[in-house]
Amino acid sequence: MAKENKGFDYLEYFLKYKEIIPEFDEFLEYLEEPHQQYFRINTLKVNEEREKLLLEILKNKGVVYEEIKEVPYFYRVVNNQEISLGNLEEYQLGLIHSMTLSSALPVIALDPKPEELILDLCAAPGGKSALIAMITQDRAVIVANDKRLDRLTALSANMKRLGVTSIIITHYRGELFPMGISFDKILVDAPCSGEGRYKVGSEGELLYQRGTGRSNLPSIQKGLLIRAFDLLKPGGILVYSTCTINPEENEAVVDYLLRKRKTELLDWPSPFPYTPGLTEWDSKPFHPNMIKTKRFYSHKIRAVSFYVALLKRVE
Ligand SMILES: C[S@@+](CC[C@H](N)C(=O)[O-])C[C@H]1O[C@@H](n2cnc3c(N)ncnc32)[C@H](O)[C@@H]1O
(Lines give C-alpha, C1' and ligand atoms only; values in the text may rest on other atoms or scores of the structure.)
Protein backbone atom coordinates (compact mmCIF):
# COMPACT_ATOMS: atom_id res chain seq x y z
CA MET A 1 0.00 0.00 0.00
CA ALA A 2 1.38 3.41 -0.91
CA LYS A 3 2.03 5.61 2.11
CA GLU A 4 -0.36 8.39 3.04
CA ASN A 5 1.34 11.51 1.85
CA LYS A 6 1.98 14.35 4.27
CA GLY A 7 4.24 16.48 2.16
CA PHE A 8 4.76 16.51 -1.60
CA ASP A 9 2.03 14.52 -3.31
CA TYR A 10 4.29 11.83 -4.73
CA LEU A 11 1.35 9.63 -5.67
CA GLU A 12 -0.09 12.39 -7.79
CA TYR A 13 3.39 13.10 -9.16
CA PHE A 14 3.94 9.54 -10.42
CA LEU A 15 0.34 8.92 -11.49
CA LYS A 16 1.15 10.31 -14.94
CA TYR A 17 3.34 7.21 -15.44
CA LYS A 18 0.70 4.67 -14.36
CA GLU A 19 0.17 3.42 -17.93
CA ILE A 20 3.84 3.02 -18.77
CA ILE A 21 5.26 1.49 -15.57
CA PRO A 22 4.45 -2.22 -15.27
CA GLU A 23 3.10 -3.33 -11.86
CA PHE A 24 2.65 0.30 -10.89
CA ASP A 25 1.61 -0.51 -7.29
CA GLU A 26 4.84 -2.47 -6.77
CA PHE A 27 6.75 0.51 -8.16
CA LEU A 28 5.09 2.81 -5.60
CA GLU A 29 5.84 0.38 -2.78
CA TYR A 30 9.47 0.10 -3.82
CA LEU A 31 9.79 3.90 -3.47
CA GLU A 32 9.54 3.38 0.28
CA GLU A 33 12.59 1.10 0.43
CA PRO A 34 16.00 2.73 1.01
CA HIS A 35 18.47 2.80 -1.88
CA GLN A 36 20.11 -0.58 -2.34
CA GLN A 37 23.92 -0.53 -2.16
CA TYR A 38 26.06 -2.47 -4.62
CA PHE A 39 29.81 -2.70 -5.02
CA ARG A 40 32.13 -3.77 -7.78
CA ILE A 41 35.53 -5.33 -7.24
CA ASN A 42 38.16 -3.02 -8.69
CA THR A 43 39.89 -5.42 -11.04
CA LEU A 44 42.63 -2.85 -11.68
CA LYS A 45 43.85 -3.40 -8.11
CA VAL A 46 42.50 -6.81 -7.19
CA ASN A 47 43.39 -9.92 -9.21
CA GLU A 48 41.32 -13.11 -9.25
CA GLU A 49 43.37 -14.74 -6.51
CA ARG A 50 43.02 -11.75 -4.19
CA GLU A 51 39.34 -11.33 -4.96
CA LYS A 52 38.48 -14.31 -2.74
CA LEU A 53 40.62 -12.92 0.06
CA LEU A 54 38.99 -9.48 -0.26
CA LEU A 55 35.51 -10.98 -0.13
CA GLU A 56 36.53 -12.93 2.97
CA ILE A 57 37.78 -9.75 4.65
CA LEU A 58 34.53 -7.93 3.82
CA LYS A 59 32.56 -10.83 5.26
CA ASN A 60 34.59 -10.71 8.47
CA LYS A 61 33.83 -6.99 8.71
CA GLY A 62 30.11 -7.79 8.72
CA VAL A 63 29.27 -7.14 5.07
CA VAL A 64 26.68 -9.67 3.94
CA TYR A 65 26.74 -9.73 0.16
CA GLU A 66 25.27 -11.60 -2.75
CA GLU A 67 26.96 -12.02 -6.12
CA ILE A 68 25.18 -10.50 -9.13
CA LYS A 69 25.63 -13.36 -11.59
CA GLU A 70 24.57 -11.31 -14.63
CA VAL A 71 27.28 -8.64 -14.24
CA PRO A 72 30.84 -9.78 -13.48
CA TYR A 73 32.43 -8.56 -10.22
CA PHE A 74 29.22 -6.93 -8.91
CA TYR A 75 27.79 -7.66 -5.46
CA ARG A 76 24.62 -6.58 -3.66
CA VAL A 77 24.86 -5.65 0.01
CA VAL A 78 22.24 -7.81 1.71
CA ASN A 79 22.44 -6.10 5.12
CA ASN A 80 22.03 -2.78 3.35
CA GLN A 81 20.85 -0.78 6.40
CA GLU A 82 23.77 -1.81 8.60
CA ILE A 83 26.61 -1.06 6.20
CA SER A 84 27.96 2.14 4.72
CA LEU A 85 30.33 1.08 1.94
CA GLY A 86 32.00 4.50 1.77
CA ASN A 87 33.26 4.09 5.34
CA LEU A 88 35.08 0.82 4.68
CA GLU A 89 38.87 0.86 4.46
CA GLU A 90 38.61 -1.35 1.35
CA TYR A 91 36.57 1.40 -0.31
CA GLN A 92 39.06 4.09 0.67
CA LEU A 93 41.91 1.95 -0.65
CA GLY A 94 40.08 1.64 -3.95
CA LEU A 95 39.71 -2.13 -3.78
CA ILE A 96 35.97 -1.81 -4.25
CA HIS A 97 33.83 0.83 -5.90
CA SER A 98 30.20 1.45 -5.00
CA MET A 99 27.66 2.26 -7.69
CA THR A 100 24.02 1.47 -8.25
CA LEU A 101 23.63 -1.63 -10.40
CA SER A 102 21.72 0.17 -13.14
CA SER A 103 24.64 2.60 -13.54
CA ALA A 104 26.50 -0.29 -15.15
CA LEU A 105 23.88 -0.65 -17.90
CA PRO A 106 24.96 2.27 -20.15
CA VAL A 107 28.54 0.96 -19.96
CA ILE A 108 27.40 -2.57 -20.83
CA ALA A 109 25.57 -1.10 -23.86
CA LEU A 110 28.69 0.90 -24.83
CA ASP A 111 30.77 -2.31 -24.74
CA PRO A 112 34.14 -0.52 -24.42
CA LYS A 113 37.29 -2.21 -25.73
CA PRO A 114 41.00 -1.63 -25.14
CA GLU A 115 42.60 0.86 -27.56
CA GLU A 116 39.34 2.66 -28.27
CA LEU A 117 39.09 6.43 -27.92
CA ILE A 118 36.08 7.00 -25.69
CA LEU A 119 34.43 10.25 -24.59
CA ASP A 120 32.34 10.38 -21.43
CA LEU A 121 30.69 13.76 -22.02
CA CYS A 122 29.00 14.19 -18.61
CA ALA A 123 31.36 12.12 -16.52
CA ALA A 124 31.49 13.40 -12.94
CA PRO A 125 31.82 12.01 -10.33
CA GLY A 126 33.17 9.26 -12.56
CA GLY A 127 31.38 6.00 -11.75
CA LYS A 128 30.89 5.07 -15.38
CA SER A 129 34.31 6.32 -16.54
CA ALA A 130 35.87 4.14 -13.85
CA LEU A 131 33.85 1.14 -14.97
CA ILE A 132 34.94 1.72 -18.58
CA ALA A 133 38.56 1.80 -17.35
CA MET A 134 38.10 -1.44 -15.40
CA ILE A 135 36.42 -3.28 -18.27
CA THR A 136 39.16 -2.21 -20.69
CA GLN A 137 41.91 -3.06 -18.14
CA ASP A 138 42.95 0.61 -18.25
CA ARG A 139 43.95 0.16 -21.90
CA ALA A 140 41.49 2.47 -23.66
CA VAL A 141 41.85 6.26 -23.81
CA ILE A 142 38.98 7.82 -21.92
CA VAL A 143 38.24 11.52 -22.05
CA ALA A 144 36.15 12.29 -18.96
CA ASN A 145 34.42 15.64 -19.37
CA ASP A 146 32.07 17.62 -17.15
CA LYS A 147 31.01 21.24 -16.95
CA ARG A 148 31.29 21.41 -13.15
CA LEU A 149 34.74 21.85 -11.70
CA ASP A 150 33.70 20.82 -8.18
CA ARG A 151 32.38 17.53 -9.52
CA LEU A 152 35.55 17.04 -11.61
CA THR A 153 37.57 17.34 -8.39
CA ALA A 154 35.56 14.42 -7.02
CA LEU A 155 36.10 12.53 -10.29
CA SER A 156 39.84 13.09 -10.11
CA ALA A 157 39.93 11.83 -6.49
CA ASN A 158 37.92 8.75 -7.48
CA MET A 159 40.30 7.90 -10.31
CA LYS A 160 43.28 8.28 -8.00
CA ARG A 161 41.66 6.07 -5.37
CA LEU A 162 40.83 3.41 -7.97
CA GLY A 163 44.24 3.56 -9.68
CA VAL A 164 42.81 4.51 -13.10
CA THR A 165 45.48 5.94 -15.41
CA SER A 166 43.82 5.86 -18.84
CA ILE A 167 41.73 9.00 -18.22
CA ILE A 168 42.17 12.53 -19.49
CA ILE A 169 39.98 15.06 -17.68
CA THR A 170 38.41 18.00 -19.52
CA HIS A 171 36.19 20.85 -18.37
CA TYR A 172 33.79 21.97 -21.10
CA ARG A 173 30.12 22.54 -21.48
CA GLY A 174 29.36 19.38 -23.41
CA GLU A 175 27.50 21.30 -26.11
CA LEU A 176 30.72 23.20 -26.81
CA PHE A 177 33.20 20.32 -26.53
CA PRO A 178 35.87 21.17 -29.14
CA MET A 179 35.47 19.56 -32.53
CA GLY A 180 38.65 18.20 -34.10
CA ILE A 181 39.09 14.83 -32.43
CA SER A 182 36.67 12.07 -33.45
CA PHE A 183 35.79 9.34 -31.00
CA ASP A 184 35.08 5.62 -31.44
CA LYS A 185 32.49 5.67 -28.69
CA ILE A 186 30.71 8.35 -26.66
CA LEU A 187 28.63 8.12 -23.53
CA VAL A 188 26.13 10.87 -22.74
CA ASP A 189 24.95 10.14 -19.21
CA ALA A 190 22.90 13.29 -19.25
CA PRO A 191 21.93 15.67 -16.45
CA CYS A 192 18.28 14.88 -15.78
CA SER A 193 15.45 15.30 -13.31
CA GLY A 194 16.60 12.07 -11.59
CA GLU A 195 13.12 10.64 -11.03
CA GLY A 196 14.63 7.16 -11.00
CA ARG A 197 16.37 8.04 -7.73
CA TYR A 198 13.33 9.40 -5.92
CA LYS A 199 12.35 7.72 -2.69
CA VAL A 200 9.54 8.35 -0.24
CA GLY A 201 10.38 9.13 3.41
CA SER A 202 8.51 8.05 6.53
CA GLU A 203 6.36 11.20 6.43
CA GLY A 204 5.42 10.61 2.82
CA GLU A 205 7.88 13.27 1.66
CA LEU A 206 9.76 12.88 -1.61
CA LEU A 207 13.50 12.29 -1.08
CA TYR A 208 16.46 12.79 -3.45
CA GLN A 209 14.38 15.23 -5.47
CA ARG A 210 16.84 17.48 -7.25
CA GLY A 211 16.01 18.46 -10.76
CA THR A 212 12.22 18.77 -10.90
CA GLY A 213 11.11 22.13 -12.13
CA ARG A 214 14.11 22.55 -14.46
CA SER A 215 11.98 22.72 -17.56
CA ASN A 216 14.98 23.39 -19.82
CA LEU A 217 16.47 19.92 -19.25
CA PRO A 218 15.23 18.43 -22.57
CA SER A 219 16.84 21.26 -24.53
CA ILE A 220 20.15 20.79 -22.65
CA GLN A 221 19.96 17.04 -23.30
CA LYS A 222 19.25 17.57 -27.01
CA GLY A 223 22.21 19.95 -27.31
CA LEU A 224 24.51 17.43 -25.62
CA LEU A 225 23.34 14.55 -27.79
CA ILE A 226 23.74 16.49 -31.03
CA ARG A 227 27.29 17.55 -30.10
CA ALA A 228 28.15 13.99 -29.08
CA PHE A 229 26.93 12.70 -32.44
CA ASP A 230 29.02 15.28 -34.28
CA LEU A 231 32.11 14.19 -32.32
CA LEU A 232 31.76 10.54 -33.41
CA LYS A 233 33.80 8.82 -36.12
CA PRO A 234 31.65 7.50 -38.99
CA GLY A 235 30.25 4.20 -37.73
CA GLY A 236 30.94 5.30 -34.14
CA ILE A 237 28.80 4.27 -31.20
CA LEU A 238 26.78 6.57 -28.96
CA VAL A 239 25.00 5.72 -25.71
CA TYR A 240 22.44 8.08 -24.22
CA SER A 241 21.33 7.40 -20.66
CA THR A 242 19.43 9.07 -17.85
CA CYS A 243 18.18 8.07 -14.42
CA THR A 244 14.76 9.51 -15.09
CA ILE A 245 11.41 8.11 -16.17
CA ASN A 246 10.23 11.25 -17.96
CA PRO A 247 9.75 10.48 -21.71
CA GLU A 248 10.43 14.15 -22.55
CA GLU A 249 14.00 13.60 -21.30
CA ASN A 250 14.35 10.14 -22.83
CA GLU A 251 12.59 9.02 -26.03
CA ALA A 252 11.78 12.62 -27.08
CA VAL A 253 15.50 13.51 -26.91
CA VAL A 254 16.59 10.44 -28.89
CA ASP A 255 13.78 11.04 -31.39
CA TYR A 256 15.12 14.58 -31.88
CA LEU A 257 18.57 13.21 -32.75
CA LEU A 258 17.05 10.70 -35.19
CA ARG A 259 15.30 13.56 -36.98
CA LYS A 260 18.38 15.81 -37.06
CA ARG A 261 21.21 13.37 -37.88
CA LYS A 262 21.88 10.14 -39.83
CA THR A 263 21.84 7.68 -37.00
CA GLU A 264 20.47 4.25 -36.30
CA LEU A 265 19.11 2.77 -33.08
CA LEU A 266 20.64 -0.56 -32.14
CA ASP A 267 19.50 -3.35 -29.87
CA TRP A 268 21.85 -4.74 -27.21
CA PRO A 269 21.66 -7.74 -24.91
CA SER A 270 20.48 -6.57 -21.51
CA PRO A 271 21.36 -8.68 -18.48
CA PHE A 272 18.25 -7.43 -16.65
CA PRO A 273 14.51 -7.17 -17.34
CA TYR A 274 13.42 -4.01 -19.11
CA THR A 275 10.45 -2.44 -20.81
CA PRO A 276 10.93 -1.32 -24.44
CA GLY A 277 11.15 2.42 -25.08
CA LEU A 278 7.91 4.26 -25.88
CA THR A 279 6.75 4.91 -29.44
CA GLU A 280 4.30 7.54 -28.24
CA TRP A 281 3.89 9.94 -25.35
CA ASP A 282 1.35 12.66 -24.69
CA SER A 283 -0.20 12.00 -28.14
CA LYS A 284 3.20 12.61 -29.81
CA PRO A 285 4.53 9.69 -31.90
CA PHE A 286 8.21 8.73 -31.77
CA HIS A 287 10.27 6.75 -34.29
CA PRO A 288 9.07 3.10 -34.31
CA ASN A 289 12.61 1.88 -33.59
CA MET A 290 12.35 3.54 -30.19
CA ILE A 291 11.35 0.07 -28.94
CA LYS A 292 15.07 -0.78 -29.22
CA THR A 293 15.76 1.64 -26.36
CA LYS A 294 15.33 0.26 -22.86
CA ARG A 295 13.55 1.38 -19.70
CA PHE A 296 14.71 -0.19 -16.45
CA TYR A 297 12.43 0.28 -13.47
CA SER A 298 13.65 0.28 -9.88
CA HIS A 299 11.17 -2.31 -8.58
CA LYS A 300 12.20 -4.76 -11.32
CA ILE A 301 15.97 -4.45 -10.90
CA ARG A 302 16.27 -3.32 -7.24
CA ALA A 303 18.28 -0.29 -8.27
CA VAL A 304 17.77 3.24 -9.58
CA SER A 305 15.45 3.40 -12.62
CA PHE A 306 17.39 4.03 -15.84
CA TYR A 307 16.83 4.70 -19.53
CA VAL A 308 19.43 3.55 -22.08
CA ALA A 309 19.58 4.10 -25.85
CA LEU A 310 22.33 2.70 -28.09
CA LEU A 311 22.94 4.47 -31.41
CA LYS A 312 25.34 4.18 -34.32
CA ARG A 313 26.49 7.00 -36.57
CA VAL A 314 25.57 5.92 -40.07
CA GLU A 315 28.61 6.14 -42.37
C1 LIG B 1 24.02 12.09 -14.26
S2 LIG B 1 25.39 13.05 -13.84
C3 LIG B 1 26.72 12.08 -14.48
C4 LIG B 1 27.13 10.91 -13.63
C5 LIG B 1 28.38 10.25 -14.14
N6 LIG B 1 28.24 9.82 -15.51
C7 LIG B 1 28.81 9.06 -13.30
O8 LIG B 1 28.58 7.91 -13.69
O9 LIG B 1 29.41 9.27 -12.25
C10 LIG B 1 25.32 14.35 -14.99
C11 LIG B 1 26.54 15.22 -15.04
O12 LIG B 1 26.37 16.15 -16.11
C13 LIG B 1 27.03 17.34 -15.77
N14 LIG B 1 26.52 18.37 -16.67
C15 LIG B 1 25.38 19.11 -16.56
N16 LIG B 1 25.25 19.92 -17.63
C17 LIG B 1 26.32 19.68 -18.44
C18 LIG B 1 26.75 20.22 -19.66
N19 LIG B 1 26.05 21.13 -20.30
N20 LIG B 1 27.92 19.75 -20.19
C21 LIG B 1 28.64 18.80 -19.55
N22 LIG B 1 28.28 18.28 -18.37
C23 LIG B 1 27.13 18.71 -17.82
C24 LIG B 1 26.74 17.53 -14.30
O25 LIG B 1 27.69 18.37 -13.71
C26 LIG B 1 26.78 16.09 -13.80
O27 LIG B 1 28.06 15.80 -13.29
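All of these numbers come straight from a predicted model, not from anything done at the bench.

Each value, and the rule that gives it
- Residues numbered from 1 in each chain as written.
- Predicted model: local features only at pLDDT ≥ 70, side-chain atom pairs only at ≥ 80, totals over all residues.
- Heavy atoms only, no water.
- Helix = DSSP H or I, 4+ residues; strand = E, 2+ residues; numbered from the N terminus.
- Core = buried A, V, L, I, M, F, W, Y, C linked by side-chain atoms within 4.5 Å.
- Buried < 20%, exposed > 50% of the residue type's maximum accessible area, 1.4 Å probe, protein only.
- Domains from an automatic or database assignment.
- Contact = heavy atoms within 4.5 Å.
- Near = heavy atom within 4 Å.
- Polar contact = N/O pair within 3.5 Å; in protein donor to acceptor, adjacent residues only side chain to side chain.
- Areas by Shrake-Rupley, 256 points an atom, 1.4 Å probe, with all protein chains shown as cover.
- Salt bridge = Lys/Arg side-chain N within 4 Å of Asp/Glu carboxyl O.
- Buried area = accessible area lost by both parts, 1.4 Å probe.

Asker: Describe unusual backbone geometry, and please don't skip the residues or the numbers.
Answerer: Of the consecutive residues Ala124 and Pro125, the connecting peptide bond is found in the cis state with omega at 5°. Examined against the element boundaries, Pro125 turns out to sit in the loop between β5 (117–120) and α6 (127–135). In the Ramachandran plot, Glu115 falls in the positive-phi region, its phi being about 80° despite a non-glycine side chain. Note on placement: Glu115 falls in the loop between α5 (104–110) and β5. One non-glycine residue, Gln137, adopts positive backbone phi at about 50°.

Asker: Quick one: what's the story with the nonpolar core, residue by residue and with numbers?
Answerer: Counting residues in hydrophobic clusters, the biggest one holds 46 residues, and the most contacted among them are Phe14, Ile186, Val188, Leu238 and Tyr240. Those elements that provide at least two residues to this core are α1 (10–15), α2 (24–30), β8 (183–189), α8 (217–230), β11 (232–242), α9 (251–260) and β17 (306–313). Of the domains in this structure, domain 1 (10–98) and domain 2 (101–313) are the two that each give at least three residues to this core. If we ignore the near neighbours within four places in the chain, the residues touching Leu238 are Ile186, Val188, Leu225, Ala228, Phe229, Leu232, Leu257, Ala309, Leu310 and Leu311. Ile68, Ala124, Ile132 and Ala133 belong to the second-largest nonpolar core, a separate cluster that totals 42 residues.

Asker: Account for the site of the ligand, with residues named and values stated.
Answerer: Around the ligand sit 20 residues, and of these Asp146, Arg151, Gly174, Glu175 and Asp189 come closest. Here Gly127 contributes a backbone N or O atom positioned 3.0 Å from an oxygen atom of the ligand. Between a nitrogen atom of the ligand and a main-chain N or O atom of Gly174, the distance comes to 2.7 Å. In isolation the ligand has 600 Å² of accessible area, and contact with the protein removes 89% of it.

Asker: Before we move on, can you summarise the pattern of salt bridges with the specific residues and values?
Answerer: All told, the structure shown has 15 salt bridges when counted by the stated rule. With its nearest N and O atoms 2.8 Å apart, the salt bridge here joins Asp111 to Lys113. Here Lys294 makes a salt bridge to Asp267, at a shortest N to O gap of 2.5 Å. Here Lys294, found in strand β16 (residues 294–296), pairs with Asp267, found in the loop between β12 (263–266) and β13 (275–276); they are 27 residues apart in sequence, far enough to count as distant. Overall, the relative accessible area of 49% leaves Asp267 in the partly exposed class.

Asker: Tell me about the domain arrangement of the protein, residues and numbers included.
Answerer: Here the protein is partitioned into domain 1 (10–98) and domain 2 (101–313). Each of domain 1 and domain 2 was reduced to a C-alpha centroid, and the two centroids are 20 Å apart. Each partner contributes to the interface: domain 1 provides 36 residues, whereas domain 2 provides 42 residues. Summed over both partners, the interface of domain 1 with domain 2 comes to about 3,300 Å²; 66% of that surface belongs to carbon and sulfur atoms.

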